[in-house]
Amino acid sequence: MPGATQKKANRERFHAARDKHDAAQLPRKRFYRQRAHANPFSDHALEYPVSPADMDWAKYYPAYVAESTGDEANTTQQRPLKQDVEIVDIGCGYGGLLVALSPILPNKLMLGLEIRTQVTAFVQERIYALRKQAGDGSSAYQNAACIRANSMKFLPNFFKKDQLSKIFICFPDPHFKARKHKARIVSTTLNSEYAFALRPGGIVYTITDVEALHEWMVEHFDAHPSFERVSEEEVEADPCVAVMRAETEEGKKVARNKGLKFVALYRRREDPPW
């Protein structure tokens, strides 16, 4: 078919143009176009560890690999890191929050989780390019990474109990129709998974430009016994909130359109004694 042949030729030209650029140059979004949303209930041929202990983080954070003891060659264990990942951006999009937070929190390992294949590839290439631009020996952006994952299904496969200190949920899909509400990233069940992975005192950051979704998230976090809402004074004093409002791609779009941004933070409570 002529149409199919033309599409194939266009793809080949696209890939040739993308590969022509030096790896240190930032990737361009036009080479990584994809639909705005993905169905979290579909099978996406995802790879995920059986448990957090089986996850190989070393390839994502090579600068943080612990020194070898010489015993790893005789075992099947993954190469451990000097420290754990503790900041997660669920549905990280094109990585604006990760790139902005990385120099602000240089001693924290942060991870973007994104379900869309092309978008994940863009963020990975963006981080690799920023690392290369910083030069050998620089620690810039070595603490940031992105993987393709479905947070609604596999979050406990990546993170052990009390591992995380911050979870960001920025401009999630509102799923306006009532029958689609089960696909929202904030729910009674998912909030329990966030409480499992988040250490006491850790914070969930939420932001959206959809007031109805904001009210939904507030309602569900308010109803969960593991979370308490952070005061407005503390919200405004948190530097991560300013980054979340200004540096995400959706946040910039809302600002251009002069829209409203609704923010709510929730702190993980201490578990009650048994």
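Summary of the structure given here. All values derive from a computational prediction rather than experimental measurement. (Residues numbered from 1 in each chain as written. Predicted model: local features only at pLDDT ≥ 70, side-chain atom pairs only at ≥ 80, totals over all residues. Heavy atoms only, no water.)

### Side note on the pattern of salt bridges
Charged atoms that come close allow side chains of opposite charge to pair.
Right, on to step 1. This model, assessed by the stated rule, comprises twelve salt bridges.
Right, on to step 2. Residue E86 pairs with K108 through a salt bridge whose shortest N-O separation is 3.7 Å. Of this pair, E86 sits in strand β1 (residues 85-90) while K108 is found in the loop between α2 (96-104) and β2 (109-114), placing the two residues 22 residues apart along the sequence.
Right, on to step 3. On the accessibility criterion, K108 (33% relative accessible area) is partly exposed.
Right, on to step 4. Taking the shortest distance from any N to any O, the salt bridge between E228 and R269 comes out at 3.7 Å. Taken together, the positions of E228 in strand β6 (residues 227-229) and R269 in the segment after β7 (262-268) put the pair 41 residues apart, joining distant regions of the chain.
Right, on to step 5. Because the salt bridges share partners, they merge into one network encompassing K161, D162, R268 and D271. (Salt bridge = Lys/Arg side-chain N within 4 Å of Asp/Glu carboxyl O. Helix = DSSP H or I, 4+ residues; strand = E, 2+ residues; numbered from the N terminus. Buried < 20%, exposed > 50% of the residue type's maximum accessible area, 1.4 Å probe, protein only.)

### Re the side chain of Q142
Right, on to step 1. Residue placement: Q142 occurs in the loop between α3 (117-134) and β3 (144-148).
Right, on to step 2. Here Q142 falls in the buried class, since its relative accessible area comes to 13%.
Right, on to step 3. Excluding anything up to four places from it in sequence, Q142 contacts Y61, P62, A63, Y64 and R131. (Contact = heavy atoms within 4.5 Å.)

### Side note on the pairing of β2
Right, on to step 1. Within β2, six of the six residues are buried, leaving the element largely enclosed by the surrounding structure.
Right, on to step 2. Side-chain alternation along β2 places L109, L111 and L113 on one buried face and M110, G112 and E114 on a second face that is also buried.
Right, on to step 3. Note that β1 and β2 share five bridges and pair parallel. Looking at the pairing, V88 lines up with L111 of β2.
Right, on to step 4. With α2 bridging β1 and the parallel β2, this β-α-β connection has right-handed handedness.
Right, on to step 5. Relative to β3, β2 is paired through five bridges, and the arrangement is parallel. Pairing of E114 across the sheet is with R148, part of β3.
Right, on to step 6. Handedness of the crossover is the feature at issue here: the chain leaves β2, passes through α3, returns alongside β3, and the resulting connection is right-handed. (Pairing = 2+ DSSP bridges. Right-handed = clockwise from strand over helix to strand, strands pointing away.)

### Remarks on the packing of α2 against helix α8 (residues 239-247)
Angle between the axes and distance between the axes are the two parameters that describe a pair of packed helices.
Right, on to step 1. The geometry of α2 relative to α8 is characterised by a closest axis approach of 9 Å and an angle of 145° between their N-to-C directions. Considering the relative orientation of α2 and α8, their crossing is right-handed. The segment α2 lies against α8, with G96, L97, A100, L101 and I104 engaging C240, V243, M244 and E247. (Axes fitted to C-alpha atoms, helices over the stretch in contact; angles between N-to-C directions. Left-handed = near helix turned anticlockwise from the far one by under 90°.)

### Some points on unusual backbone geometry
Right, on to step 1. Even without being a glycine, F171 presents a positive backbone phi close to 50°.
Right, on to step 2. The residue F171 is located in the loop between β4 (164-170) and α5 (188-197) in this model.
Right, on to step 3. Of the residues examined, F171 reaches a relative accessible area of 11% and is grouped as buried.
Right, on to step 4. Here H175, not a glycine, exhibits a phi torsion of approximately 45°, which is positive.
Right, on to step 5. Take H175: it is sitting in the loop between β4 and α5.

### Brief notes about the sheet that holds strand β5 (residues 198-208)
Right, on to step 1. Taken together, the seven strands give an open sheet; going across it, the order is β3-β2-β1-β4-β5-β7-β6, and neighbouring strands pair in mixed fashion. Edge positions in the open sheet fall to β3 and β6, since each of these has one partner strand only. Across the sheet, the mean angle from the axis of one strand to that of its neighbour is 20°, orientation sign disregarded.
Right, on to step 2. Of the pairings in the sheet, the one linking β5 to β7 comprises six bridges and is antiparallel in character. Across the sheet, T206 pairs through a bridge with A264, a residue of β7.
Right, on to step 3. Along the sheet, α5 makes contact with β1, β4, β5, β6 and β7, crossing β5 at roughly 135°.

### Remarks on a positive patch on the surface
Right, on to step 1. Together, K177, R179, K180 and K182 make up a region of like positive charge exposed at the surface.
Right, on to step 2. Locating R179 in the fold gives a position in the loop between β4 and α5. (Patch = residues over 30% accessible without salt bridge, like charges linked within 9 Å, V, L, I, M, F, W, Y side chains within 5 Å. Areas by Shrake-Rupley, 256 points an atom, 1.4 Å probe, with all protein chains shown as cover. Lys, Arg positive; Asp, Glu negative; His and termini not counted. Charge placed at Lys NZ, Arg CZ, Asp CG, Glu CD.)

### Points about the nonpolar core
Right, on to step 1. Among the nonpolar cores identified, the biggest contains 41 residues, and W57, Y61, L111, L113, F159 and Y194 are the most heavily contacted of them.
Right, on to step 2. Ranked by residues supplied to this core, first place goes to helix α6 (residues 211-222) with five residues.
Right, on to step 3. Listed in part, the 30 residues of the second largest apolar core include Y94, V119, V230 and M244. (Core = buried A, V, L, I, M, F, W, Y, C linked by side-chain atoms within 4.5 Å.)

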